[in-house]
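Letter by letter, the chains look like this.
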Amino acid sequence: MKAFAYAKAFIFYDLLVSSVVTANTGDSVWFLKQYWGSNENGDNPNNGSGFSNARFDELMVLAGSTLDATIARNAIINAQQILLDENATIFLGYPKINIIGKSYLKGIHTSPSEYYVITKDLKKE
């Protein structure tokens, strides 16, 4: 089943802010598992999208456990293809934050840092 995970997750949130400027560790497996690895029984709470795919998870285990660089590379490429095929996320090469909010939220001001989005001025009306 193909699902646009952010839109699907948006049903459960008033405001969804996701700003990942870079894969901050340089570790593809860590980065991919962190955001799109299945969150079974709360073991991956950083997956706020709700995306879950058993094959993706298997490829992440393989990429993270093999000593063969070619096998790891191919597993990562195939996992990324699953994200694209399933429309699991939006990848934008744009250095600004993306914000999705419900129409009843007032006082949202964009900023290059998500730290400044949630302020005393944000109100639900």
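Here the residue index of a chain counts from 1 through its sequence in written order. Selection of residues for local features in this predicted model requires a pLDDT of at least 70, selection of side-chain atom pairs for listing and counting requires 80 or more, and totals for whole chains, interfaces and linings are taken over all residues. Calculation of side-chain values draws on the structure's entire complement of heavy atoms; hydrogens and water are dropped beforehand.

(A) The pattern of salt bridges, seen in detail. Whenever a carboxyl oxygen of Asp or Glu lies within 4 Å of a side-chain nitrogen of Lys or Arg, that contact is scored as a salt bridge. A full pass over the atoms with the stated rule returns two salt bridges. The partner of Glu-58 in a salt bridge is Arg-55, with the nearest N and O atoms 3.2 Å apart. With Glu-58 and Arg-55 both in helix H3 (residues 54–65) and three residues apart, the pair spans about one turn of that helix. Between buried and exposed lies partly exposed: a residue is buried under 20% and exposed over 50% of the maximum accessible area for its type, with that area taken using a 1.4 Å probe on protein chains only. Residue classification places Glu-58 among the partly exposed residues on the basis of a relative accessible area of 45%. Overall, Arg-55 belongs to the partly exposed group, its relative accessible area being 46%. One salt bridge in this structure joins Lys-120 and Asp-121, with 3.3 Å as the shortest N-O distance. For Asp-121, a relative accessible area of 37% translates into the label partly exposed. Each helix corresponds to a stretch of at least 4 residues labelled H or I by DSSP, and each strand to a stretch of at least 2 residues labelled E; elements are numbered beginning at the N terminus.

(B) Here's a closer look at the environment of Thr-119. By the element assignment, Thr-119 lies in the loop between strand S3 (105–106) and strand S4 (123–124). Taking relative accessible area as the criterion, Thr-119 reaches 34% and is therefore assigned partly exposed. In this structure the C-alpha to C-alpha distance between Thr-119 and Gly-107, which are twelve residues apart in sequence, comes to 8.5 Å.

(C) Here's a closer look at helix H2 (residues 28–36). Those residues of H2 that fall on the buried side of the exposure criterion are Val-29, Phe-31, Leu-32, Gln-34 and Trp-36. A contact between two residues is defined here by any heavy atoms of the two lying within 4.5 Å. Looking at the buried side of H2, the elements it contacts are H3 and helix H4 (69–85). As used in this structure description, the phrase polar contact means that two N or O atoms lie within 3.5 Å; if the pair is within protein, one of them must be able to donate a hydrogen and the other to accept it, and residues adjacent in sequence are counted only when both atoms belong to side chains. For H2, the N-terminal cap is Asp-27; the gap from its side-chain oxygen to the backbone nitrogen of Val-29 is 3.0 Å.

(D) The nonpolar core, seen in detail. Among the nonpolar cores identified, the biggest contains 15 residues, and Leu-32, Trp-36, Phe-51, Phe-56, Met-60, Ile-76 and Leu-83 are the most heavily contacted of them. Counting only elements with at least two residues in this core, the list comes to H2, H3 and H4. Top contributing element to this core by residue count: H4, with five residues. Within this scheme, the nonpolar core is defined by two criteria: the residues are buried Ala, Val, Leu, Ile, Met, Phe, Trp, Tyr or Cys, and they are joined through side-chain atoms within 4.5 Å.

(E) Quick look at the packing of H2 against H3. Axis separation between H2 and H3 bottoms out at 10 Å; the angle between their running directions is 155°. Compared by their axis directions, H2 and H3 come out roughly antiparallel. Crossing of H2 against H3: the hand is left-handed. Across the interface between the two elements, Val-29, Leu-32, Lys-33 and Trp-36 from H2 touch Phe-56, Asp-57, Met-60, Ala-63 and Gly-64 from H3. Orientation is described by axes fitted as lines to C-alpha atoms, over the contacting stretch for helices, and by angles from 0 to 180 degrees between their N-to-C directions. When describing relative orientation, an angle under 35 degrees is termed roughly parallel and one over 145 degrees roughly antiparallel, while 65 to 115 degrees is termed roughly perpendicular and anything else oblique. We call a crossing left-handed when the near helix sits turned anticlockwise from the far one by less than a right angle, and right-handed when that turn is clockwise.

(F) Up close: the packing of aromatic side chains. Paired rings are identified among Phe, Tyr and Trp, the last through its six-membered ring, by centres lying within 6.5 Å, and are further divided according to the angle between planes into stacked (under 30 degrees), edge-to-face (over 60) and tilted (the rest). Per the counting criterion, the structure on display carries four aromatic pairs. Each ring, one from Phe-31 and one from Trp-36, has its centre 5.8 Å from the other, and the planes form 75°; the classification is edge-to-face. The pair Phe-31 / Trp-36 is uniform in exposure class, with both members buried. Aromatic side chains Phe-51 and Phe-56 sit 5.8 Å apart centroid to centroid with 90° between the ring planes, which places their arrangement in the edge-to-face category. What makes Phe-51 buried here is its relative accessible area of 7%. Overall, the relative accessible area of 0% leaves Phe-56 in the buried class. A network of ring pairs unites the aromatic residues Phe-31, Tyr-35 and Trp-36 as a single cluster.

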